[in-house]
Amino acid sequence: MASSILAGLPTAALAQTGPDAASPTEKPAPAQPTSAVARTIRTLRVEGSQRIEPDTVLSYTKLRAGTVFSNETLDQAIKDLLASELFADVTIDGAVSGDIVVRVRENPIINRVLLEGNKRLKADKITKEIKLAPRQIFTRSAVRQDVARIIELYRRQGRFAASVAPKMVSLDQNRVDIIFEISEGPKSKVRQINIIGNEVFSDAKVRGQMATKQTSLLTILSSNTSYDQDRLAYDQQKLRQFYLTEGYADFKVTSAVAELTPDKRDFIITYVVEEGKRYKFGAITVDSEIRDFDNKKLAASLVAKQGEWYNAKKIEDSVDAINQTAGLFGYAFVEVNPEFDRDPEKLELAINFRIAQAQRTYVERIDINGNTLTKDKVIRREIRLSEGDAFNTFLVKRSQDRINSLGFFQDKLEIQQKPGSAPDRVVLETNVEEKATGELNLSLGFSSLERFIVQASVRQRNFRGLGQELRASAQYSTFSRQVELGFTEPYLFGKNIGLGADIFRRDLNAFNFIGNSRQTTYNQVSTGFQVRSSIPLTEYWALSARYGLTFDEVSLDPNQFFTNGVCDPLRAGRFLCDQIGNRLTSAIGVSLLYDSLNSRIRPTAGQRAAVNIDLAGLGGNVRYIRTRFEAKKFWNVGSGFVFSAGIEGGHIQALEPIRGPGIDAVRINDRFYLGEPQFRGFDIRGVGPRVQRLFFQTDASGVQTLITDRNQFSDDALGGRTYYLGRLELELPLGSGARELGLRPSIYLDFGALFGVLRPLPTATFPTSVDPATGAVTVLPLVQPILDSAGRQLFTVPFDDPQNPGQTTTCDIGFTATPGGTCVGTSVNIAAINTVQPFLERFVGNSASPRLSVGIGVNWNSPFGPLRIDLAHALLSQFGEDTKLITFNVGTQF
């Protein structure tokens, strides 16, 4: 097996030599006679062909038996055969006798094409670009072309130092292996960007407008430091846009040169610019041939104003505003031409927006393309125009927003306006691209709160392509279990009436922490259903109603919190003992909703407000009226920034009397709770009224102190009757790469409060003693008699009694095995008592004063579901509330 470097093969020097160098052992073609006398071909044959038929070889020439030939004819035949690239060498003998023999040596067949040294570019990306392939005929020109293609691929990756060395390995049966040895080299960076001619703005300011960045420590992770020829032209456009928005109407880039450093590792880019003079807007006028427009009022409404610095972006925005206004009057195709009148002395640019005559247009047809699953009617019912209606840009934009809000299609859907069959007709073309609307989640995890968690859920937001929503979920953990099923039909019987139903069972354990140990407090099992319906009142207003029936069982662990079969306040807390029991809640509710958001999924403009009222007491044994409101508004403040402000609040008023002193009429499971994730900067249920139980300790010297270490006392959130919560948030723009990953960072301020619950009565009053010498007060343990189920005092027989040592009885003297029976004997028994170590209960957090937190967070539409991470710091909080610095949520949108 022989190997040779293809690049080193000599080039053809004679007409008889092919593009591949002949072997040194080959005999040169015999000299041809110099006579120009025409001769006749007596015989004609081909020698040396293996794969190619002789007739096929001759078909590439004009040689035929019986025809006249000359030396020039033979030379041309050799050139024609070599040009076919089927042969490595061609010679012709027999010119003297006329018995012509055409001897050929065929190009080899390619056995394999191999790549070596490629790490940054995978083989499949290279092989689909090159032309050489197994079982093809090898030609040197094809090798050169493929080398150039591979180098170009690496240059597109910014690797201008890449080189390719082709090699050929000869095999038997006239076959060869082609090997491309690739040296990828480093990625070529932009070492320096020079700006020449800028006087108003600094080099750093001008470079900051470009997509391309200089290599530095600050840009070490940026992909924009690599050289890209297409980006060079883009940067020139960016520079022009920047200067034109700053008033420099004459700005131009006179040259842009990218020079590769001698080591071929980096580029140095030099821009030569001419800034020119800075202009202001002169008179802004509108000259419209459409009679519906008031030229003066229209000019006054434009964003471009006389006396301001010239800004090309404001010109574009003014043209768009005119087109939008024209669309409101039914003119779909309006030609707006800004005319500039430059005054070099005053450095002013007067702008006249000339609006050509146009016809009022009507919707001829609405086309919907690209929907493979979603039915046409699901999309059409969101379009606010019908065939034959007068065209209206506002309704087109509203239709576009409503379709996007469905969440069934890829983002940035646009309804295109195309000319119809007549000048006054327009076709609305809606091109959608479906995306997955089904969600299947199966997870097994571990949580510090829930221990082992198993979750499974399935949800289809576009069931059967009809826009229906079907969902089912189940969750099991050490401390919670729940199953939910739900279905929603947004258009009942083809009418704009929504109907939905949910059934559920939730088994939840409330908890507190003592140190790192989770302590279960009360258990709540809720079983029920809800039926809901909604109807639109106007384009933005909607009314909904609902009815729900829920059976709640609130209980405490009898082994942990009960004494003698009764809830013990000293063990559970009086506020928990007061809440246990079974109850049935039958509630009806109504909601009034206003929604003008441009997207329900990721809004950037518009507002949403809702008022919700629920009345419990239509049957059942729970009676209250709960009122909640919420409002949120979004502003697109430009350059990718989105600002939002929101406020919500609620109050629940019991419609039944208080059940006893210190017992709030609103039960603990019906109250509001506030904290993570609604109120960032605070822990779960970390805001609002709570009861903390702190214990006493006595040191070796007998001094009693209160243990205030948060890890050593219990903290029970009680919830509240009233709450409010507000948010201010600014979403920050990121580069295109981060946007493609679904990253959305934001900074925010949250404020709110939870309050209004009745102060519970103290669980116990402990005796105290006063040291007469120091006046120090010591809290003493509480001694309680131990009673049987009938309330009788229990006694313990002394252990030295010969008959019933250590037995429990109701006799203070003697013994009876039957509670309350006749006492027999003379033993003097000891009263059974329970000693409760002293503790202090404090009721804190029941204040309407605002709590305040600030922070930064990021939303990520990760492959495993929506994820949000927040870093928040509580600036204002009430004594005893639980703050939290880092919040991590998966599977919910905030």
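Residues numbered from 1 in each chain as written. Predicted model: local features only at pLDDT ≥ 70, side-chain atom pairs only at ≥ 80, totals over all residues. Heavy atoms only, no water.

Caption draft 1: Expanded view of the sheet that holds strand β17 (residues 415–419). One open sheet holds the three strands; their spatial order is β16-β18-β17, and the pairing between them is mixed. Because the sheet does not close on itself, it has two edges, and the strands there are β16 (362–369) and β17. On average, adjacent strands in this sheet sit at an angle of 25° to one another, irrespective of strand direction. In this sheet, strand β18 (residues 425–431) lies alongside β16 in parallel orientation, the contact comprising seven bridges. (Pairing = 2+ DSSP bridges. Helix = DSSP H or I, 4+ residues; strand = E, 2+ residues; numbered from the N terminus. Axes fitted to C-alpha atoms, helices over the stretch in contact; angles between N-to-C directions.)

Caption draft 2: Molecular detail of the sheet that holds strand β5 (residues 87–93). Taken in spatial order, the three strands of this open sheet run β3-β6-β5, and their pairing is mixed. Taken across any chain shown, the strands that pair with only one partner, and hence form the sheet edges, are β3 (43–47) and β5. Taken over all neighbouring pairs, the strand axes of this sheet differ in orientation by 15° on average, direction set aside. Here β3 pairs with strand β6 (residues 99–106) via five bridges, running parallel. Within β6, the position partnered with L44 by the bridge is I100. Where helix α2 (residues 71–83) meets the sheet, its contacts fall on β5 and β6, and the angle it forms with β5 comes to roughly 165°. (Contact = heavy atoms within 4.5 Å.)

Caption draft 3: Summary view of helix α8 (residues 312–328). With 17 residues, α8 extends 25 Å from end C-alpha to end C-alpha; this agrees with the ideal 24 Å at 1.5 Å per step. Listed as buried for α8 are A312, I315, S318, V319, I322, A326 and G327. Buried residues along α8 sit against α6 (229–245), β13 (280–288), α7 (295–301), β14 (336–343), β15 (348–355) and α10 (393–406). Where α8 begins, one side-chain oxygen reaches toward the backbone nitrogen of K313, 2.8 Å away; that side chain belongs to N311. Directly beyond the C-terminal end of α8, a positive phi value near 95° is found at G330. (Expected span 1.5 Å × (residues − 1). Buried < 20%, exposed > 50% of the residue type's maximum accessible area, 1.4 Å probe, protein only. Polar contact = N/O pair within 3.5 Å; in protein donor to acceptor, adjacent residues only side chain to side chain.)

Caption draft 4: Highlighting the side chain of D367. Position of D367 relative to the elements: it lies in strand β16. Only 2.9 Å separates the side chain of D367 from the side chain of R365, close enough to count as a polar contact.

Caption draft 5: Summary view of the nonpolar core. Residues Y310, V334, F353 and I355 are the most contacted members of the largest nonpolar core, which totals 26 residues. Counting only elements with at least two residues in this core, the list comes to β13, α7, α8 and β15. Ranked by the residues each element gives to this core, the list is headed by α8, at five residues. Leaving out residues up to four positions away in the same chain, I355 has contacts with V286, D287, S288, E289, I290, F293, L298, I322, V334, E335 and V336. Residues I126, A142, Y154 and M168 belong to the second largest nonpolar core, which totals 21 residues. (Core = buried A, V, L, I, M, F, W, Y, C linked by side-chain atoms within 4.5 Å.)

Caption draft 6: The state of the cysteines, seen in detail. Enumeration according to the criterion identifies one disulfide in this entry. The disulfide partner of C811 is C823, and the gap between their sulfur atoms is 2.0 Å. Taking the sign of the torsion about the S-S bond as the criterion, the disulfide between C811 and C823, at about -95°, is left-handed. On the criterion of sequence distance, the pair formed by C811 in the loop between β41 (808–809) and β42 (813–815) and C823 in the loop between β42 and β43 (824–828) is long-range, its members being twelve residues apart. (Disulfide = S-S within 2.5 Å.)

Caption draft 7: A look at empty space enclosed by the protein. All chains considered together, the criterion is met by three cavities of 30 Å³ or more. Forming the boundary of the largest cavity are F575, D578, Q579, G662, I663, D664, I668, R671, L718, V757, L758 and P760. Looking at the lining of the largest cavity residue by residue, the classes come out as seven nonpolar, two polar and three charged. (1 Å grid on protein atoms, 1.4 Å probe; cavity = no way out; pocket = protein on both sides within 12 Å on 5 of 7 lines; lining within 4 Å. Points joined across faces, edges and corners; volume = space filled by probe spheres on them. Nonpolar A, V, L, I, M, F, W, Y, C, P; charged D, E, K, R; others polar.)

Caption draft 8: The pattern of salt bridges, seen in detail. Scanning the entire structure with this criterion turns up 51 salt bridges. The residue D317 makes a salt bridge to K313 at a minimum N-O spacing of 2.8 Å. Of this pair, D317 and K313 are both found in helix α8, four residues apart, which corresponds to roughly one turn of the helix. A relative accessible area of 28% places D317 in the partly exposed class. Exposure remark for K313: the relative accessible area of 41% places this residue in the partly exposed category. When the shortest N-O distance is used, the salt bridge between E729 and R680 registers 3.7 Å. Taken together, the residues E729 in strand β35 (residues 722–731) and R680 in the loop between β31 (641–654) and β32 (690–698) connect sequence positions 49 residues apart. Taking the relative accessible area as the measure of exposure, R680 reaches 2% and is therefore buried. A single network of salt bridges, built from pairs that share partners, joins E382, R384, R398, R402 and E539. (Salt bridge = Lys/Arg side-chain N within 4 Å of Asp/Glu carboxyl O.)

Caption draft 9: Main features of the packing of aromatic side chains. The final tally for this structure, using the stated rule, is 19 aromatic pairs. Ring geometry for F293 versus Y331: centroids 6.4 Å apart, planes at 75°, classification edge-to-face. Separated by 38 residues along the polypeptide, F293 in the loop between β13 and α7 and Y331 in the loop between α8 and β14 bring together distant segments of the chain. In this structure F293 comes out as buried when scored by relative accessible area, which is 10%. In this structure Y331 comes out as buried when scored by relative accessible area, which is 7%. Counting every residue linked through ring pairs, the aromatic cluster contains F201, F242, Y243, Y248 and F251. Across the ring face of F839, the terminal group of R693 is positioned such that the distance to the ring centre comes to 4.1 Å. (Phe/Tyr/Trp six-rings, centres within 6.5 Å; stacked < 30°, edge-to-face > 60°. Lys NZ or Arg CZ within 6 Å of the ring centre and 35° of its normal.)

Caption draft 10: Up close: the pairing of β18. Most of β18 is tucked away: five of the seven residues are buried. Taken together, the five bridges between β17 and β18 define a ladder with antiparallel strand orientation. Across the sheet, residue Q417 finds its bridge partner in β18, namely L428. If you look at the hairpin formed by β17 and β18, you'll find five residues sitting between the two strands.

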